[in-house]
Amino acid sequence: PLIEASAIEAGYGSSPAVLKKIDLSINAGEFIGVLGTNGCGKSTLIKVLTGFLPTRAGTVKLSGRPLKSIPRQQQARTVAVVLGKRDRHAGSPAP
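Residues numbered from 1 in each chain as written. Predicted model: local features only at pLDDT ≥ 70, side-chain atom pairs only at ≥ 80, totals over all residues. Heavy atoms only, no water.

A. A look at the sheet that holds strand β4 (residues 65-66). The four strands lie next to each other as β2-β1-β3-β4, forming an open sheet whose pairing is antiparallel. If you trace the sheet from one side to the other, it starts and ends with β2 (19-26) and β4, each paired once. Here five bridges tie strand β1 (residues 3-10) to β2, and the two strands are oriented antiparallel to one another. Following the sheet pairing, Ile-8 is matched in β2 by Ile-22. Sitting on the sheet, helix α1 (residues 42-49) touches β1, β2 and β3 (57-62), and the angle it makes with β1 is about 120°. (Pairing = 2+ DSSP bridges. Helix = DSSP H or I, 4+ residues; strand = E, 2+ residues; numbered from the N terminus. Contact = heavy atoms within 4.5 Å. Axes fitted to C-alpha atoms, helices over the stretch in contact; angles between N-to-C directions.)

Pasting the structure below:
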């Protein structure tokens, strides 16, 4: 798989985990959509898979290598993320 997540858990600060025991595998060339209700963890999942938010547990791999070991420039050449209009700039306030 191009991206592989195993037993990931993630959250913000000392708050309870937003993601718990998530497993995911995305192959090269696949297009995926992440759907769900407000606050269910969609943006958190994308942030974890792209390295913008560290995991509390579990691993994220890019082409079989731990994401943490890959320089950001190399990650950017491998994976692209298109966010919805409101979350266009993850971490930035909505216009």
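B. Expanded view of the side chain of Thr-44. In this fold, Thr-44 is placed in helix α1. The contacts of Thr-44, once residues within four sequence positions are left out, are Ala-10, Tyr-12, Val-18, Leu-19 and Leu-53.

C. Spatial organisation of the pairing of β1. Pairing of β1 with β3, which is carried by five bridges, proceeds in the antiparallel orientation. Bridge pairing in β3 places Ser-6 opposite Thr-59.

D. Structural view of the packing of aromatic side chains. A complete count under the given rule lists zero aromatic pairs for this structure. The ring of Phe-52 is capped by Arg-72, whose NZ or CZ atom sits 4.2 Å from the centre of that ring. (Phe/Tyr/Trp six-rings, centres within 6.5 Å; stacked < 30°, edge-to-face > 60°. Lys NZ or Arg CZ within 6 Å of the ring centre and 35° of its normal.)

E. Spatial organisation of the nonpolar core. In this structure, Ile-3, Ile-8, Leu-19, Val-48, Leu-49, Val-60 and Leu-62 are the most contacted members of the largest nonpolar core, which totals 15 residues. Per element, the largest residue contribution to this core is four residues, and it comes from β1. (Core = buried A, V, L, I, M, F, W, Y, C linked by side-chain atoms within 4.5 Å. Buried < 20%, exposed > 50% of the residue type's maximum accessible area, 1.4 Å probe, protein only.)

F. A look at unusual backbone geometry. Of note in the backbone geometry, Lys-21 takes a positive phi value of approximately 55° without being a glycine. Among the structural elements, Lys-21 can be located in strand β2. Given the relative accessible area of 65%, Lys-21 is considered exposed. Its identity as a non-glycine residue notwithstanding, Ser-63 has a phi of 55°, on the positive side. With respect to the helices and strands, the residue Ser-63 is situated in the loop between β3 and β4.

G. Representation of the environment of Leu-53. If you trace the backbone, Leu-53 turns up in the loop between α1 and β3. Between the C-alpha atom of Leu-53 and that of Gly-11, which follows or precedes it by 42 residues, the distance is 8.3 Å. Other than its neighbours up to four places away in sequence, Leu-53 contacts Ala-10, Gly-11, Tyr-12, Thr-44, Lys-47 and Val-48.

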